[in-house]
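If you want the building blocks of each chain, they are given just below.
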Amino acid sequence: MKLNKKYSIKEIADLYDCQLAGNHAASFDSVSSLINSKPNSISFLSDSSHMKLLDNTNLSCVITTPELSTNISIPMIITDNPQFIFSKIIRENIDFKEYCFFDASKNTNVTKGDSCLISANVAIGDNVKIGNNVTIYPNTTIYNNCEIGDRVIIHAGSVIGSDGFGLIKQNNVWIKIPHIGNVVIGNDVEIGANTTIDRATIDSTVISDNVKIDNLVHIAHNVQIGKNTAIAACVGIAGSTIIGGNCTIGGGSGINGHIEICDNVHIHGMTMVTKSINKPGMYASGTTVEPVSSWRKNQARFKELDALARNIKNEKNKTGDV
Amino acid sequence: MKLNKKYSIKEIADLYDCQLAGNHAASFDSVSSLINSKPNSISFLSDSSHMKLLDNTNLSCVITTPELSTNISIPMIITDNPQFIFSKIIRENIDFKEYCFFDASKNTNVTKGDSCLISANVAIGDNVKIGNNVTIYPNTTIYNNCEIGDRVIIHAGSVIGSDGFGLIKQNNVWIKIPHIGNVVIGNDVEIGANTTIDRATIDSTVISDNVKIDNLVHIAHNVQIGKNTAIAACVGIAGSTIIGGNCTIGGGSGINGHIEICDNVHIHGMTMVTKSINKPGMYASGTTVEPVSSWRKNQARFKELDALARNIKNEKNKTGDV
Amino acid sequence: MKLNKKYSIKEIADLYDCQLAGNHAASFDSVSSLINSKPNSISFLSDSSHMKLLDNTNLSCVITTPELSTNISIPMIITDNPQFIFSKIIRENIDFKEYCFFDASKNTNVTKGDSCLISANVAIGDNVKIGNNVTIYPNTTIYNNCEIGDRVIIHAGSVIGSDGFGLIKQNNVWIKIPHIGNVVIGNDVEIGANTTIDRATIDSTVISDNVKIDNLVHIAHNVQIGKNTAIAACVGIAGSTIIGGNCTIGGGSGINGHIEICDNVHIHGMTMVTKSINKPGMYASGTTVEPVSSWRKNQARFKELDALARNIKNEKNKTGDV
């Protein structure tokens, strides 16, 4: 995102009472993400696991913490809450009333391809790009700047491009992170009824070609879904997770944020996916239905499971068994 | 809720063939909840655990069961299905066609603060109060009598104030409980896309200041959420549950009805919360993803877990171990 | 569904390069499902468990696989992907632009009963039938050909009749199965906010009289729900499942596709129902909340549960115990 003017890092440090390291005159006129760094831009780094993204970065400068600053060589603004300062810069440069909101009755600069069928009750934001032969059912909302490929079908009530659930704590209170990214939907994608796909914080939430998504699915900000993956109803996928191609995700599953699932992974219904999966195959979790009478006893025992297992191990040690 | 006229309990008992206890001439001209009892009003008591709510009550009289009646000293209407008679009284006094329904194209008596951005496709009911600087995205519905604070953001497709899922059985058939309460949303609240918040049966469903709610969340009737609590996507919170302040609830979690969760509780994603939590900390449930081949075996063994544990205990008793 | 013309099976086999068995001149002028077979129609059979549906069938002919063909005596089109050819026939005969899509602002041939309250923002498709005393709240969408009984209440944002999530793989790519069925909703049904009910592939998704459905529930294509069953919020029911009468399904539960649940079954919240239930009673699954510190250990042990159990069994065998 282009800012209204060029800033020096000294200007920002003075304004928000931060420290500096490196050339105080280092300047930027845009913001970008670490992963998609742009020349003359600033970003923020608050997680050491992202440090390698600064190798060969295009950034002019970065906002970071005192701890991380010792390993960084580009010009820096140093603060305890880098994303908060980053958000401040964005907020200073956007009239959010104008940027985020859209009056569905008078959208501007929308590009529609040939042979689209768009219902009367659909709300489309500014600068939305819609491909050819797209069908959008009633009561769907598409926020500004989102892009939709050819032959896409979006069922009723779906929401494309709502703000991600990005929050930071400052003085123990949740502060909203501004979301200036968008959603990019490929060709031949179908999206079920009342599904929600959030816009990325800075870059794009990406739904690749031929992805099929059922009803009431939640796809969070910055998620990427690979080609020809099918996602059944009531699935939730948390932020920044990357899912490969040709996967199937069973209904009601929950997928953690910031993980990666490789191609050709098949996940059973109602699975809790807490960590990355890097081997194709079938995966599941949880326990399946049984009468309440036995379930009550078994599920109570679950809470003794570790003690039970340790007990057995001790027992075997005593008897000399392996 | 004010009724159309003043009733004596004898009048009601005669009409619906109920018994009486206490002063037959005891009268009421409104209905209220037990917890928020109003003078000159009637309520119902069908659960012994709520008995203490009758201490120092403002109620004129109460509808209760034969069993519970022996411990109550205020005038009573006695019946096997107290909530059914209570609902009958409400239905007699409301033209539900007028009360519940709203024609979104001609809402009346709506109060809007300054600088609100409300999309063209938003449907707002009668007597809705909206604070200052509120942003409401398209295809959102706000039922009548709901109240929304300052700087609230409601994303597309959300529904505020739909009837709670309140049903009672009468002659083995589900009967709808009329919902005459509302939803009250504090300041600086953000509500995600396609989230639903039901109106209270009689009083208010309360979303406190600075609460942040993600997409596709369900908040049932009479729930109260404390300040600065954040709720991730796909969470369901059942009726009358009270959640404290500064909590975080992970995506896909389900929270039982009629329980309390204290301040500073952090719940992992996909947790099944069946009972009250009265100690701050981190909580979780369930099992996490594994390959289907091992999962099948482990989850089958779960159903033998109690037998297994009892077995081990017996074994230890035999061998004299502790 | 009536086709545009009468076809011989030879015509289809020539067109799509399939084999034939039985009378090559066998003809059809409509498509139907196996379970609801119509005279002069064609259907497809790709699952041996459905073979018995061909006894006493009204079909003129069927599309099936080489393996299954040896047990079928009616005229056949033989191919490796029967549903793909079946879908091709449907697509050849429907202008999907005209059939599926509807302009909510000018619906045609809609039948509405007396005393209905239908909000200004509701989108209703062509040929929808609505009974008497029906209340439909704003931003609801009802796709074409659906039928709604008397005294039905549909809360805001719900979607009735969206396409089922029916996909087939052809050359390793997902192909959409056309959905030409509808949703039939009985009398006295209540449907919560932002709930989605998909249309059947060929016949009807059926919600029987007095069924009560909460918010954010997903009911897939071809599901049947029996009378007076109540379904709490955030439940997902997968395709073709049949649920009996007088059941209750707790919030957040997931019910597998193609199973049957008998009358009077009560399912706890967040239960994973993977198989048919043919005995009335109460059912549950999963484990309930505990502090993260103990949960981490117990859930890790879950993955050793089968090994643990086998270990104990071996131990007992050694010691001669039973």
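Owing to the predicted nature of the structure, the values given are computational and were not obtained by experimental measurement.

Caption draft 1: How the structure looks around the overall build of chain A. Secondary structure assignment for chain A yields six helices and 34 strands. Taking the principal axes of its C-alpha atoms as reference, chain A extends roughly 75 × 55 × 35 Å. In chain A, which comprises 322 residues, the share counted as buried stands at 60%. Distance between charge centres in chain A, computed from 28 positive and 30 negative side chains, equals 5 Å.

Caption draft 2: Local environment of the domain arrangement of chain A. Residue and element names in this part refer to chain A. On domain assignment, one finds that chain A holds domain 1 (2–93), domain 2 (104–283) and domain 3 (291–322). On a C-alpha basis, the centroid separation for the pair domain 1 and domain 2 is 29 Å. With 12 residues of domain 1 in contact, the opposing surface of domain 2 contributes 10 residues. Together domain 1 and domain 2 conceal approximately 1000 Å² of surface at their shared face, both sides included; 64% is due to carbon and sulfur atoms. Applying the counting rule to domain 1 against domain 2 returns zero salt bridges.

Caption draft 3: Structural view of the interface of chain C and chain B. Contacts between the two partners involve 58 residues from chain C and, on the opposite side, 66 residues from chain B. The contact between chain C and chain B buries some 4900 Å² in all, and 62% of this surface belongs to carbon and sulfur atoms. Sorting the residues of chain C by area buried against chain B places C:M270, C:V289 and C:F302 first, and these three jointly supply 14% of that buried surface. Where chain C packs against chain B, one counts two salt bridges. At the boundary of chain C and chain B, one finds 27 residue pairs in polar contact (both at pLDDT 80 or more). Sort the elements by how many residues they give to the side of chain C that touches chain B and helix α6 (residues 305–319) of chain C lands first, with seven residues.

Caption draft 4: Local environment of the relation of the copies chain C and chain B. Of the transformation placing chain C onto chain B, the axial shift is 0.0 Å and the rotation is 120°, giving an RMSD of 0.1 Å. Taken together, the rotation angle and the small translation identify this as a three-fold axis.

Caption draft 5: A look at the pattern of salt bridges. Applying the stated criterion across every chain, the model contains 27 salt bridges over all chains. Here A:K176 and A:D163 are joined by a salt bridge, their closest N and O atoms 2.7 Å apart. Of this pair, A:K176 sits in strand β17 (residues 173–176) while A:D163 is found in the loop between β15 (159–162) and β16 (167–170), placing the two residues 13 residues apart along the sequence. Each member of the pair, A:K176 as well as A:D163, is classed as buried. Ionic pairing is found between C:E190 and B:K176, a salt bridge with its closest N-O pair at 2.7 Å. Taken together, the positions of C:E190 in strand β19 (residues 190–191) and B:K176 in strand β17 (residues 173–176) put the pair across two chains. Side by side, C:E190 and B:K176 carry an identical accessibility label, which is buried.

Caption draft 6: Structural detail: the sheet that holds strand β2 (residues 19–21) of chain A. Residues and elements named next belong to chain A. Strands sit in the order β1-β3-β4-β5-β6-β2 across an open sheet of six strands; the sheet is mixed. At either margin of the open sheet sits one strand with a lone partner, and together these are β1 (2–8) and β2. Going from strand to strand, the sheet's axes swing by 35° on average, the running direction of each strand aside. The pairing of β2 with strand β6 (residues 76–78) spans three bridges and is antiparallel. By the bridge assignment, L20 is partnered in β6 with I77.

Caption draft 7: Region of the structure containing the packing of aromatic side chains. The tally for this structure, following the rule as stated, stands at 12 aromatic pairs over all chains. Aromatic rings pair up to connect A:F302, B:F302 and C:F302 into one cluster. Its guanidinium or amino end placed over the ring of A:Y7, A:K5 lies 4.7 Å from that ring's centre, counting from NZ or CZ. Over the face of the ring belonging to B:W174 we find B:K169, whose NZ or CZ atom lies 4.7 Å from the ring centre.

Caption draft 8: Representation of the interface of chain C and chain A. At the interface, 66 residues of chain C touch 58 residues of chain A. Summed over both partners, the interface of chain C with chain A buries about 4900 Å², with 62% contributed by carbon and sulfur atoms. One can count two salt bridges joining chain C with chain A. Within the residue set of the side of chain C that touches chain A, elements represented by two or more residues are β15 (159–162), β16 (167–170), β17 (173–176), β20 (196–198), β32 (272–273), β33 (281–284), α5 (292–302) and α6 of chain C. Summarising the sheet, strand β34 (residues 290–291) of chain A and β33(C) pair through two bridges and their orientation is antiparallel. When the bridges of β33(C) are listed, A:P291 appears paired with C:Y283.

Caption draft 9: Layout of the pairing of strand β18 (residues 182–185) of chain C. All names here are of chain C. Judged from the two bridges that link them, strand β13 (residues 147–148) and β18 form a sheet pairing that is parallel. Bridged to E147 within β18 is V184. Sheet topology note: the β18/strand β21 (residues 204–207) ladder contains four bridges and is parallel. Bridged to V183 within β21 is T205.

Caption draft 10: Summary view of unusual backbone geometry. Residues and elements named next belong to chain C. At N109, a residue that is not glycine, the phi angle is positive and equals roughly 65°. One can find N109 in the loop between α4 (96–99) and β7 (111–112). Taking relative accessible area as the criterion, N109 reaches 57% and is therefore assigned exposed.

Caption draft 11: Summary view of the packing of helix α1 (residues 9–16) of chain A against helix α3 (residues 82–93) of chain A. All names here are of chain A. In contact at an axis separation of 12 Å, α1 and α3 are set at 105° when each is read in the N-to-C sense. By the criterion of interaxial angle, the relationship of α1 to α3 is roughly perpendicular. Mapping the contact onto sequence places I12, L15 and Y16 in α1 and I85, K88, I89 and E92 in α3. Looking at the contact of α1 with α3, its residues break down into five nonpolar, no polar and two charged.

Caption draft 12: Representation of the sheet that holds strand β22 (residues 212–213) of chain C in the model. The strand order β34(A)-β33(C)-β31(C)-β28(C)-β25(C)-β22(C)-β19(C)-β14(C)-β11(C)-β8(C) describes an open sheet built from 10 strands, whose pairing is mixed. Two strands bound the open sheet, and with one partner strand each, they are β34 of chain A together with β8 (117–118) of chain C. For β19(C) and β22(C), the ladder comprises two bridges, and the chain directions are parallel. Within the sheet, the bridge partner assigned to C:E190 lies in β22(C) and is C:K212.

Caption draft 13: Structural detail: helix α3 (residues 82–93) of chain B. All names here are of chain B. With 12 residues, α3 ought to run about 16 Å at 1.5 Å a step, and its terminal C-alpha atoms sit 17 Å apart, in line with that. Burial analysis of α3 places nine of its 12 residues in the buried class, the great majority of the element. Those residues of α3 not exposed but buried are P82, Q83, F84, I85, F86, S87, I89, I90 and N93.

Caption draft 14: Representation of the confidence of the model for chain A within the structure. With 97% of its residues at a pLDDT of 70 or more, chain A has an overall mean of 94. Both scores are given for the predicted complex: the pTM is 0.96, the ipTM 0.95.

Thresholds, definitions, all that
Residues numbered from 1 in each chain as written. Chains lettered and ligands numbered in written order. Predicted model: local features only at pLDDT ≥ 70, side-chain atom pairs only at ≥ 80, totals over all residues. Heavy atoms only, no water. Helix = DSSP H or I, 4+ residues; strand = E, 2+ residues; numbered from the N terminus. Buried < 20%, exposed > 50% of the residue type's maximum accessible area, 1.4 Å probe, protein only. Lys, Arg positive; Asp, Glu negative; His and termini not counted. Charge placed at Lys NZ, Arg CZ, Asp CG, Glu CD. Domains from an automatic or database assignment. Contact = heavy atoms within 4.5 Å. Buried area = accessible area lost by both parts, 1.4 Å probe. Salt bridge = Lys/Arg side-chain N within 4 Å of Asp/Glu carboxyl O. Polar contact = N/O pair within 3.5 Å; in protein donor to acceptor, adjacent residues only side chain to side chain. Least-squares fit on C-alpha atoms with pLDDT ≥ 70 in both. Pairing = 2+ DSSP bridges. Axes fitted to C-alpha atoms, helices over the stretch in contact; angles between N-to-C directions. Phe/Tyr/Trp six-rings, centres within 6.5 Å; stacked < 30°, edge-to-face > 60°. Lys NZ or Arg CZ within 6 Å of the ring centre and 35° of its normal. Parallel < 35°, antiparallel > 145°, perpendicular 65-115°, else oblique. Nonpolar A, V, L, I, M, F, W, Y, C, P; charged D, E, K, R; others polar. Expected span 1.5 Å × (residues − 1). pLDDT = per-residue confidence, 0-100.

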